[in-house]
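Next come the chains, spelled out residue by residue.
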Amino acid sequence: MVQTIKAVINKYSAQLLYLIFGVLTTVVNIAVFGIGMKLGLSTTISNILAWFLSVLVAYLTNRIWVFGSKATEFVEKLREVIAFFYYRGLTLILDLVIIYVGVNLLHGQPLLWKIIDNVVVIILNYVLSKMFIFKSNKMEHN
């Protein structure tokens, strides 16, 4: 049983780390969104602030622990960070659309829609990171 668990952890370590850091990123995202709402900011401004801070957390954790970036040269790192923020910017557009539809058109509870939104965005962000941002990295545990 223990060996089976270890084998699964080894085989899916990148996905498990992404999940763990995804939870951390989601907590940052939802907390900042909630604080923004409590401060009287609009859902859009709260969402953008939440996005920016959570992307910073995500980039650092994904680069180092999830995808094990091998980029050492400044130009390589710059390409990575630009690509990371670019693709996260694309998912921000989706994020804003989901929140707008859920809160403004369907008159739903903002925090509930933020949670739904995060599930969709987290999955898409993993796929984009693996396929386009950190694709040149050799993953030991695919």
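Residues numbered from 1 in each chain as written. Predicted model: local features only at pLDDT ≥ 70, side-chain atom pairs only at ≥ 80, totals over all residues. Heavy atoms only, no water.

Draft legend 1. Quick peek at the overall build of the chain. Secondary structure assignment for the chain yields five helices and zero strands. Secondary structure elements in the chain, listed N-terminal to C-terminal, are α-α-α-α-α. Over its C-alpha atoms, taken along the principal directions, the chain stretches across nearly 45 × 45 × 20 Å. The burial tally for the chain puts 37% of its 142 residues in the buried class. In the chain, the proportion of contacts linking residues at least 24 apart, taken out of those at least 6 apart, comes to 71%. Working note: accessible area of the chain is about 8600 Å², and carbon and sulfur atoms make up 76% of it. In the chain, 12 side chains carry a positive charge and 6 a negative one; their mean positions are 6 Å apart. (Helix = DSSP H or I, 4+ residues; strand = E, 2+ residues; numbered from the N terminus. Buried < 20%, exposed > 50% of the residue type's maximum accessible area, 1.4 Å probe, protein only. Contact = heavy atoms within 4.5 Å. Areas by Shrake-Rupley, 256 points an atom, 1.4 Å probe, with all protein chains shown as cover. Lys, Arg positive; Asp, Glu negative; His and termini not counted. Charge placed at Lys NZ, Arg CZ, Asp CG, Glu CD.)

Draft legend 2. A look at the confidence of the model for the chain. For the chain, the average pLDDT comes to 89, and 95% of its residues sit at 70 or higher. Per-element confidence in the chain ranges from a low mean pLDDT of 87 for helix H1 (residues 2–11) to a high of 93 for helix H4 (residues 74–105). Low pLDDT, under 50, characterises residues 138–142; the stretch is placed with 11 contacts to residues that sit more than four places away or in other chains. (pLDDT = per-residue confidence, 0-100.)

Draft legend 3. Structural view of helix H2 (residues 13–38). Along its 26 residues, H2 runs 37 Å from first to last C-alpha, staying within 8% of the 38 Å computed at 1.5 Å per residue. For H2, every residue scored as buried is listed here: Ser 13, Ala 14, Tyr 18, Phe 21, Gly 22, Thr 25, Thr 26, Asn 29, Val 32, Phe 33 and Gly 36. Against H1, helix H3 (43–66), H4 and helix H5 (110–133) lie the buried residues of H2. Among the residues trailing H2, Gly 40 stands out with phi positive, at a value near 90°. (Expected span 1.5 Å × (residues − 1).)

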